[in-house]
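A look at the structure
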Amino acid sequence: MIKQILSKKVFAIYGLGNVGGSIAAVWLRAGAKVIGVDISKTLLTEIQDGISHKKEPFLSETFSKSIKNKSFFLTSDGIDASKRSSIKIIVVPVGLKNKKVDLSSVIQVTKNIAKGLKKGDTVILSPSVPPGTTEKIVLPILEKESKLKGEKDFYLIYNPERIFEGRAVKDIEENYPAVISGLGPKSLKIAENLFRIISKKGVLKMPTLAEAEAEKLFEGAYRDVNIALANELAEYCEKIGINFWETRKGANSQPFCHLHYPGTGVGGLCIPVYPRIIIENASKFGKTMSLLEYSRRINDNMPKKCVDDAIKMLLKNKIKPKNAKVAVLGLGFRGEVTDTRLSPTYDVVNEFLKKECTVTVHDPYIFEDTILPKSVPLTKDLVTATQNADLIFISSDHKIYSKLDSKSFSKGKKSILFFDGRNVLNPKLFSSGMLNTIGIGKN
Ligand SMILES: NC(=O)c1ccc[n+]([C@@H]2O[C@H](COP(=O)([O-])OP(=O)(O)OC[C@H]3O[C@@H](n4cnc5c(N)ncnc54)[C@H](O)[C@@H]3O)[C@@H](O)[C@H]2O)c1
Ligand SMILES: CC(=O)N[C@@H]1[C@@H](OP(=O)(O)OP(=O)(O)OC[C@H]2O[C@@H](n3ccc(=O)[nH]c3=O)[C@H](O)[C@@H]2O)O[C@H](CO)[C@@H](O)[C@@H]1O
């Protein structure tokens, strides 16, 4: 039955990045025909060649198989894709430009979709957006350009994709209920029929588009505030000389406390962005979001705080910061991702450069980068990165760093200064006296 429904539907997925690529794979795995639309010719070629989305399980194999059996087509022509599809899913990025929400990609894609919109079509908006975006920005563009009426001639849905990079397909298919909302009851019914096909956890129907848009932002705001709480409590522990990590274990031993982890900063296209979307939107209604603003300030200050503490450690060990060799481990915005968007490591590097240190960055998954200053080499070879380092600074929690031991470094290293910004080092793996380390929330 499902296969029959889907075999008649052609989906067009606009934006084939971490989220859009995963959504395309999920619908292909469910048996749908999919047109993948992206402005990046490089990405389209990589998908065609089966070498895209390396860190996302299932995607590349699904794409190759679907291209072969002619259920997956790739194009950069968004208008033609709209003409040839009945369900259009918008998954292009919504970022910040000078702390203002940037909807330019969403608007661009919506205009393309509108030029090919037909009676009976369905449009689904997926990125995290300010409440009101679907109804007040996307809908008017669709109706104006197509001369069709929402809920009468075509259907409009908001579905916030909730994925954790590295397990996106499983998140969509198995881990979370699909949050859905519609312009009206018909749109909502279509959303329910569609998302029940792919979501084993079922659907969570929201009463309005705006409440669905807001819930996604609230998820991120909750996380950002709790990370800021962990960062502030960790600094308190440093001041009074106790261990935050042990104290956290105790506090989290009851079900109503969920202290997060302190760290060298908060990166990615989600958590640092969603609170700012709320802050900006709230200001239009005369509401100041003090807690969100203060939490952002705490988290944005973590790279500087951690580098200042690391510099104090150098001085304590009689090493002058000027020309001190610092190996910064981890460029990804968090562990096990190749995504460097808003990575705190960029700020960490700049803070060390301000102190005139000599910096090398290591990352096991990222081989090139256009943002790091030219004076800062990037390498995937740990020995090269650390061999003459006066200080090793752990910035992202890639799994490989929890396995570091005495043998990980060039011979003859007597004692190594570490700043463990993600609390990943295992002291048991180092010979006694070799590990001279401080981190966050412990002296
Ligand atoms: N990355 C995550 O973990 C995550 C999780 C949940 C939600 N989201 C939301 O999903 C959105 C997309 O995230 P992402 O990580 O997939 O972004 P991404 O940058 O990885 O992918 C976006 C893709 O869209 C393409 N694109 C940009 N403009 C386009 C246009 N006009 N037409 C066609 N294609 C265009 C880009 O070339 C890119 O391939 C985010 O803005 C966020 O709101 C992201
Ligand atoms: C479905 C969806 O949208 N999923 C999002 C995705 O978010 P994400 O991919 O951006 O990953 P995050 O884990 O949030 O990390 C962000 C930054 O915060 C740092 N950090 C994190 C935790 C902590 O305790 N202390 C920290 O300092 C970390 O290093 C990194 O820089 O997954 C999260 C579930 O993990 C979800 O909640 C979140 O909605």
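These figures come from a predicted structure and were not determined experimentally. (Residues numbered from 1 in each chain as written. Chains lettered and ligands numbered in written order. Predicted model: local features only at pLDDT ≥ 70, side-chain atom pairs only at ≥ 80, totals over all residues. Heavy atoms only, no water.)

Per the domain assignment, the segments of the protein are domain 1 (2–207) and domain 2 (209–443). Spacing between the C-alpha centres of domain 1 and domain 2 amounts to 33 Å. Across the interface of domain 1 and domain 2, roughly 2400 Å² is buried in total on both sides, 62% from carbon and sulfur atoms. The largest per-residue losses of area from domain 1 upon contact with domain 2 belong to Lys 55, Pro 131 and Glu 165, which jointly make up 25% of the total buried on that side. Where domain 1 packs against domain 2, one counts four salt bridges. Measuring nitrogen to oxygen at the nearest pair gives 4.0 Å for the salt bridge that ties Glu 215 to Arg 162. (Domains from an automatic or database assignment. Buried area = accessible area lost by both parts, 1.4 Å probe. Salt bridge = Lys/Arg side-chain N within 4 Å of Asp/Glu carboxyl O.)

What follows covers helix 2 (residues 18–29). One full turn of an α-helix is made of 3.6 residues, so residues set three or four places apart face in the same direction. Across its twelve residues, helix 2 extends 17 Å between first and last C-alpha, which sits within 8% of the 16 Å expected from 1.5 Å per residue. Within helix 2, nine of the twelve residues are buried, which leaves it mostly tucked inside the rest of the structure. For helix 2, the full list of buried residues reads Gly 20, Gly 21, Ser 22, Ile 23, Ala 24, Ala 25, Val 26, Trp 27 and Leu 28. With its phi angle positive at about 105°, Gly 31 sits one or two positions after the end of helix 2. (Helix = DSSP H or I, 4+ residues; strand = E, 2+ residues; numbered from the N terminus. Expected span 1.5 Å × (residues − 1). Buried < 20%, exposed > 50% of the residue type's maximum accessible area, 1.4 Å probe, protein only.)

Here we come to the nonpolar core. Counting residues in each nonpolar core, the largest one holds 38 residues, and the members touching the most others are Ile 113 and Leu 142. Only strand 1 (10–14), strand 2 (33–37), helix 6 (104–114), strand 7 (122–125), helix 7 (133–146), strand 8 (155–158), helix 10 (209–240) and helix 12 (274–283) provide two or more residues apiece to this core. For this core, the domains that each give at least three residues are domain 1 (2–207) and domain 2 (209–443). Not counting residues within four places of it along the chain, the set of residues in contact with Ile 113 comprises Tyr 14, Ser 82, Lys 88, Ile 90, Val 123 and Leu 142. If you look at the next biggest cluster of nonpolar residues, it comprises 36 residues, including Trp 27, Leu 44, Val 91 and Ile 198. (Core = buried A, V, L, I, M, F, W, Y, C linked by side-chain atoms within 4.5 Å. Contact = heavy atoms within 4.5 Å.)

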